[in-house]
Amino acid sequence: MTGNITFTMIKPDGVEANNIGPILAMINKAGFKILAMKYMRLTQEQAGSFYAVHKERPFYGELTGYMSSGPIVAAILTKDNAVTDYRKLIGATDPTKADEGTIRKLFAKSIAANAVHGSDSDENAIIESNFFFSQLERF
Ligand code: CMP
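The text that follows walks through the structure, step by step, so that each part is easy to find. In this text, all values refer to a predicted model and were calculated from it rather than measured experimentally.

This part covers the nonpolar core. Ranked by internal contacts, the top residues of the largest apolar core, which has 21 residues, are Phe7, Met9, Met67 and Phe132. Mapped onto this core, the elements with two or more residues apiece are strand E1 (5–10), strand E2 (33–40), helix H3 (44–50), helix H4 (60–67), strand E3 (72–78) and helix H7 (122–132). With four residues, the top contributor of residues to this core is H4. Each residue touching Met67, except ones within four places of it in the same chain, is listed here: Met9, Lys11, Pro12, Leu42, Ala47, Tyr51 and Ile72. One finds Phe32, Val73, Ala82 and Ala108 within the second-largest nonpolar core, a separate group that totals 19 residues.

This is the structure in structure tokens:
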């Protein structure tokens, strides 16, 4: 299945602003199917494990604090070229640099509160999906 899945989260700002529905609609309209999904709140420790790759970055504390500040929606999405196509759909990490019509251009508030997460490689899509979902939770 390599190449066919990506992992996403709708971040606390996206949930708080009532943008779960509009973001999921854009995801479906772009041809992604939802293979797994849950609505939950991470502890700071869980957010720290998920973003462990950024542990040495200066924004790590802000990132993990932010990602545990409210509920998120986690999902595995499936489509051909899922990682690349989803990164195109969401736009640049910094919303001021995101292309028009992308999820982050439309909904993100800042680099930290940037509406959604999307996996950056096929390998990380698998690792991130396994962090949140068992095989029994995938359809
Ligand atoms: P995401 O795609 O979830 O992957 C890592 C996250 O770190 C990224 O989105 C941003 O929300 C966050 N991030 C990256 N750079 C910065 C920064 N300079 N300050 C705060 N957060 C950042």
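Moving on from the model shown.
The immediate surroundings of the ligand are formed by Lys11, Tyr51, His54, Phe59, Glu62, Leu63, Thr93, Arg104, Ile111, Ala112, Asn114 and His117. Take Tyr51: an N or O atom from its side chain is 2.6 Å from an oxygen atom of the ligand. Asn114 is positioned with one of its side-chain polar atoms (N or O) 3.3 Å from an oxygen atom of the ligand. Summarising the interface, the protein chains cover 79% of the accessible area of the ligand, which totals 460 Å² for the free molecule. Along the lines of polarity and charge, the residues of the shell around the ligand split into five nonpolar, four polar and three charged.

Right, let's talk about the packing of aromatic side chains for a bit. Under the counting rule described, the total for this entry stands at eight aromatic pairs. Their ring planes at 50° and their centres at 5.6 Å tell us that Phe7 and Phe50 sit as a pair that is tilted. Remark: Phe50 occurs in helix H3 and Phe7 occurs in strand E1; sequence separation between them is 43 residues. Each member of the pair, Phe7 as well as Phe50, is classed as buried. On the numbers, 5.5 Å between centres and 80° between planes, the contact of Phe32 with Tyr86 is edge-to-face. With Phe32 in the loop between helix H2 (20–29) and E2 and Tyr86 in helix H5 (residues 82–90), the pair connects residues that are 54 residues apart, well separated along the chain. Comparing Phe32 with Tyr86, the two get one shared label, buried. The structure contains a cluster of three or more aromatic residues connected by ring pairs, namely Phe7, Phe50, Tyr51, Phe131, Phe132 and Phe133.

Conventions used here
Residues numbered from 1 in each chain as written. Predicted model: local features only at pLDDT ≥ 70, side-chain atom pairs only at ≥ 80, totals over all residues. Heavy atoms only, no water. Core = buried A, V, L, I, M, F, W, Y, C linked by side-chain atoms within 4.5 Å. Buried < 20%, exposed > 50% of the residue type's maximum accessible area, 1.4 Å probe, protein only. Helix = DSSP H or I, 4+ residues; strand = E, 2+ residues; numbered from the N terminus. Contact = heavy atoms within 4.5 Å. Near = heavy atom within 4 Å. Polar contact = N/O pair within 3.5 Å; in protein donor to acceptor, adjacent residues only side chain to side chain. Areas by Shrake-Rupley, 256 points an atom, 1.4 Å probe, with all protein chains shown as cover. Nonpolar A, V, L, I, M, F, W, Y, C, P; charged D, E, K, R; others polar. Phe/Tyr/Trp six-rings, centres within 6.5 Å; stacked < 30°, edge-to-face > 60°.

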